[in-house]
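# Architecture and fold: a report
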Amino acid sequence: MVSTGPVGVRKNSGLQYLPSASAGLETRSPNQEILPLTARVNDQDHLEIGGCDVATLVKQFGSPLYIVDEETLRTACRQYCSAFSRYYPKETLVLYASKAWSCMAICAIVASEGLGVDVVSGGELYTALQAGVSADKIYLHGNNKSQEELQLAIATGCTIVVDNWQELHDLTEMTAGSSQPIRIMLRLTPGIECHTHEYIRTGHLDNKFGFAPEQIEEVFNLVSQQQSLKCIGLHAHIGSQIFELQPHEDLAVVLVQWFKKAIACGLPVTEINVGGGLGIRYTEADDPPSIEAWVRTVSTAIVKACSEQQVPLPKLLCEPGRSLIGSSTVTAYRVGSEKSIPGIRKYISVDGGMSDNPRPITYQAVYRAVLANRMSEPATEIVTIAGKHCESGDILIKDAQLPKTQPGDILVVMGTGAYNYSMASNYNRLPRLAAVLVKDGESNLILQRETYQDLIKQDRLPERLLANMQ
Ligand code: LLP
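Presented here is an overview of the structure given in this document. In this text, all values refer to a predicted model and were calculated from it rather than measured experimentally.

In the vicinity of the ligand, 19 residues are found, and the nearest of them are S240, E319, R359, Y363 and Y419. Within the side chain of E319, an N or O atom sits 2.7 Å from a nitrogen atom of the ligand. At 2.6 Å from an oxygen atom of the ligand is found a side-chain nitrogen or oxygen belonging to Y419.

The subject of this paragraph is the nonpolar core. Most often, soluble globular proteins have nonpolar side chains that are buried together. Grouped together as the largest cluster of nonpolar side chains are 86 residues, with contacts concentrated most on Y80, W101, I184, L186 and V274. With sequence-adjacent residues up to four places away left out, W101 is seen in contact with Y66, V68, Y96, I106, I325, T329, G417, Y421, S422, A435 and L447. Listed in part, the 25 residues of the second largest apolar core include Y17, A55, V436 and V438.

A few words now on the sheet that holds strand β9 (residues 182-187). In space, the eight strands of this closed barrel follow the order β5-β6-β7-β8-β9-β10-β11-β12, with parallel pairing throughout. Adjacent strand axes in the sheet meet at a mean angle of 30° when their direction is disregarded. Pairing between strand β10 (residues 229-235) and strand β11 (residues 271-273): three bridges, direction parallel. When the bridges of β11 are listed, G233 appears paired with E271. Strands β9 and β10 of the sheet are contacted by helix α7 (residues 216-224), whose axis makes an angle of about 175° with β9.

Side chains that carry opposite charge are capable of pairing whenever their charged atoms lie near each other. Applying the stated criterion to the full structure yields 20 salt bridges. A salt bridge links R74 to E113; its shortest N-O distance comes to 2.7 Å. Here R74, found in helix α2 (residues 70-87), pairs with E113, found in the loop between α3 (104-112) and β6 (116-119); they are 39 residues apart in sequence, far enough to count as distant. By the burial criterion, R74 is buried, and E113 matches it. Put simply, K439 and D440 hold a salt bridge, and the shortest N to O gap is 3.5 Å. With a relative accessible area of 29%, K439 lands in the partly exposed category. Among the charged side chains, a salt-bridge network with shared partners connects E70, R74, R78 and E113.

Okay, helix α6 (residues 165-175) next. For an α-helix, the turn length of 3.6 residues means that residues three or four places apart are oriented alike. Listed in full, the buried residues belonging to α6 are E167, L168, D170, L171, T172 and T175. Residues of α6 that are buried make contact with α5 (147-156), β8 (159-162), β9, α7 and β10. Capping of α6 at its N-terminal end is provided by N164; its side-chain oxygen lies 3.2 Å from the backbone amide nitrogen of Q166.

Attention now goes to the pairing of β9. Most of β9 sits inside the fold, with five of its six residues counted as buried. Read from β8 through α6 to β9, the crossover connection turns out right-handed. Bridge analysis of β9 against β10 gives six bridges, and the strand direction is parallel. The partner of M185 across the bridge, within β10, is G233.

On to the packing of aromatic side chains, then. Under the criterion given, the structure shown has six aromatic pairs. Where Y66 meets Y421, the ring centres are 6.2 Å apart and the plane angle is 90°; that geometry is what we call edge-to-face. Remark: Y421 occurs in the loop between β18 (410-414) and β19 (434-439) and Y66 occurs in strand β4 (residues 65-69); sequence separation between them is 355 residues. Taken together, Y66, W101 and Y421 form an aromatic cluster joined through their ring pairs.

As a further point, take the pairing of β19. Among the six residues that make up β19, five are buried, leaving the element largely enclosed by the rest of the structure. Looking at chain direction, β4 and β19 are connected through five bridges and run parallel. Bridge pairing links D69 to V438 in β19. With five bridges connecting them, β19 and strand β20 (residues 442-447) associate as antiparallel partners. Of the residues in β20, the one forming a bridge with K439 is E442. Remark: two residues form the turn of the hairpin made by β19 and β20, two consecutive strands paired antiparallel; D440 in that turn has positive phi of roughly 45°.

Across the interface, helix α8 (residues 246-264) lies against helix α9 (residues 291-309) with an axial gap of 8 Å and an inter-helix angle of 35°. The element α8 and its partner α9 pack so that their crossing is right-handed. Contacts between α8 and α9 involve H248, E249, A252, V253, V256, Q257 and K260 from the former and W294, T297, V298, A301, I302, A305, C306 and Q309 from the latter. Grouping the constituent residues of the contact of α8 with α9 by class yields nine nonpolar, four polar and two charged.

What counts as what
Residues numbered from 1 in each chain as written. Predicted model: local features only at pLDDT ≥ 70, side-chain atom pairs only at ≥ 80, totals over all residues. Heavy atoms only, no water. Near = heavy atom within 4 Å. Polar contact = N/O pair within 3.5 Å; in protein donor to acceptor, adjacent residues only side chain to side chain. Core = buried A, V, L, I, M, F, W, Y, C linked by side-chain atoms within 4.5 Å. Buried < 20%, exposed > 50% of the residue type's maximum accessible area, 1.4 Å probe, protein only. Contact = heavy atoms within 4.5 Å. Pairing = 2+ DSSP bridges. Helix = DSSP H or I, 4+ residues; strand = E, 2+ residues; numbered from the N terminus. Axes fitted to C-alpha atoms, helices over the stretch in contact; angles between N-to-C directions. Salt bridge = Lys/Arg side-chain N within 4 Å of Asp/Glu carboxyl O. Right-handed = clockwise from strand over helix to strand, strands pointing away. Phe/Tyr/Trp six-rings, centres within 6.5 Å; stacked < 30°, edge-to-face > 60°. Left-handed = near helix turned anticlockwise from the far one by under 90°. Nonpolar A, V, L, I, M, F, W, Y, C, P; charged D, E, K, R; others polar.

Structure follows, in structure tokens:
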């Protein structure tokens, strides 16, 4: 498997990405795998996920296609919950950060595992409510919530994570005179640096989210005087796709210090939310800690800080997105045209691209791919996988090692569950993809593919333009 081929390509095949069969499903941490936990190769040498042949799924549901493995998502949810029950002696709540992928089926699955949902807009809030998530397990974030979003949150009874002075002012006005106080948390900027892409770092002081440390006491004092606002806890989030554990330990210490101050200011705080951020494995070079290790670190750090600072243990919340949904999903594309530039590069184009996965062009994110219809064939070529958009930067994978491809082959890009559909666009008026949920050989559509009619649904053609048409 590691011999060097004629063109200098390590002769790996798609088989190298299969989750190791030796460990049981429950003991493998989904965020440490590149393919979903149920991935296997069937007799036809095809990739199978959730007991469904990927080639058959593409025939049935079309291409490109997001394929979500329910088992992997549920396993990740269960690992978070069971680790907390082992490592944290008080109540906990895991929230799914639905910005990673907000749709009704995914909200319904995480809710059925006992998770709550973190939302950052009226749209995400509406989706979670429509999926049946109970409002007392929904937390609304956002650095510029509109009056409508705040109204919806108040009316439905979810908890609002207050981000700034303006919001505090708006909420005070909106709730003045109401007999029942609304539940809020306060988001604070912890001043903690971590090593991840600068666009997805949020813990350092120079960023747009949350109250800065020097404002905290003033905020606490102000909130403690508002009868209509009940501040139940504090929140901070340091960034995303983080592999280090130390920043989360540091965050625990800082949050507990503030928690102590909040109690001293007379706030009825009982909850601490440490945010999300645990990274996942996109390539062999990535080595994130397991879900269990992350939960153990966070829990132990909070318990230790509370004991050192003599503060009662809070209810502990966290809100992972990527590490719950990321590794559960692959995107299947059909291979189309190719272009070889001798001595430079060979491009293989697929039928999607930056509109269904904007992460490579936005963050230089690196993915791996396999040929789902010839899994064991060794890689003999290094090719660049290009999308079909009118943009030179629309490259999904720069140097993919693959067998020689043919038009019609099914190329599967792995680890596409987080921030792909949720950041998808209709660039070049490409319809957004369908998504199918697979489990035990069953497949269910959870997002219908957009049609051309969908694309022009919001278009309006004023009559005077029609009249002028030649
Ligand atoms: N909580 C808050 C307040 C957040 O801002 C985020 C992510 C999360 C939780 C969930 O973080 P996670 O567990 O997924 O790392 N679009 C970027 C990621 C942006 C993350 C934004 N906030 C990407 O594609 O990498």
